[in-house]
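Residue-level structural notes
In case you want the letters, here they are:
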Amino acid sequence: MNIPANLKYTKDHEWVSLNGDIATVGITDFAQKELGDIVYVEVETLDQTLEQDEVFGTVEAVKTVSDLFLPLSGEIIEFNDALEQEPEKVNTDPYGDGWMVKVKISDASQWDALLDSEAYKALIGA
């Protein structure tokens with residue numbers, strides 16, 4: 001299972017990378033495997049400011065629909081438009097082309113409370 005050490009994670013199986021005050025968010029390799037084949041990603045919160053742990057969208061797989069929770073408070077400034085045509089990128093490249101949103105974070109201190117790769121491995125029993 002792929003759990004990059006340079007990212008942070010949430011108990012809800014989202015990953016986060018941070019570049020200045022812009023966070024990129026997606027779901028983990030573990031999450032996409034649990035969900036199965038992803039057929040649709042919906043984010044209707046573009047240009048909205050949300051609090052940490054608020055629902056920013058949903059991911060629909062063949063078996064189920066799951067909410068997506070924002071790991072850091074901030075404004076959703078970009079949605080990965082490629083997922084509209086190719087939602088399967090979340091399955092094939094969850095940490096690369098399968099990213100979901102970019103967020104201009106409003107509270108950098110929240111970053112420190114996210115799980116590092118070792119804590120996430122412990123959470124999922126990897």
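Residues numbered from 1 in each chain as written. Predicted model: local features only at pLDDT ≥ 70, side-chain atom pairs only at ≥ 80, totals over all residues. Heavy atoms only, no water.

Turning our eyes to something else, we now look at the pairing of strand 3 (residues 22–27). By the criterion of burial, strand 3 is predominantly enclosed, with five of the six residues buried. Bridge count between strand 2 (residues 14–19) and strand 3: six bridges; the pairing is antiparallel. Paired with L18 across the bridge in strand 3 is A23. Counting the residues in the hairpin turn of strand 2 and strand 3 gives two residues, including G20, whose phi is positive at 65°. Of the pairings in the sheet, the one linking strand 3 to strand 9 (residues 101–105) comprises four bridges and is antiparallel in character. Within the sheet, the bridge partner assigned to A23 lies in strand 9 and is V103. (Buried < 20%, exposed > 50% of the residue type's maximum accessible area, 1.4 Å probe, protein only. Helix = DSSP H or I, 4+ residues; strand = E, 2+ residues; numbered from the N terminus. Pairing = 2+ DSSP bridges.)

On to the side chain of K89, then. Summarising the element assignment, K89 is placed in helix 3 (residues 89–92). K89 gets classed as buried once you look at its relative accessible area, which sits at 18%.

Looking now at the environment of A23. Within the fold, A23 resides in strand 3. The class for A23 is buried, based on a relative accessible area of 1%. Spatially, the C-alpha atoms of A23 and D97 are 15 Å apart, while their sequence positions differ by 74 residues. Not counting residues up to four positions away in its chain, the partners in contact with A23 are V16, S17, L18, L72, V101, K102, V103 and I105. (Contact = heavy atoms within 4.5 Å.)

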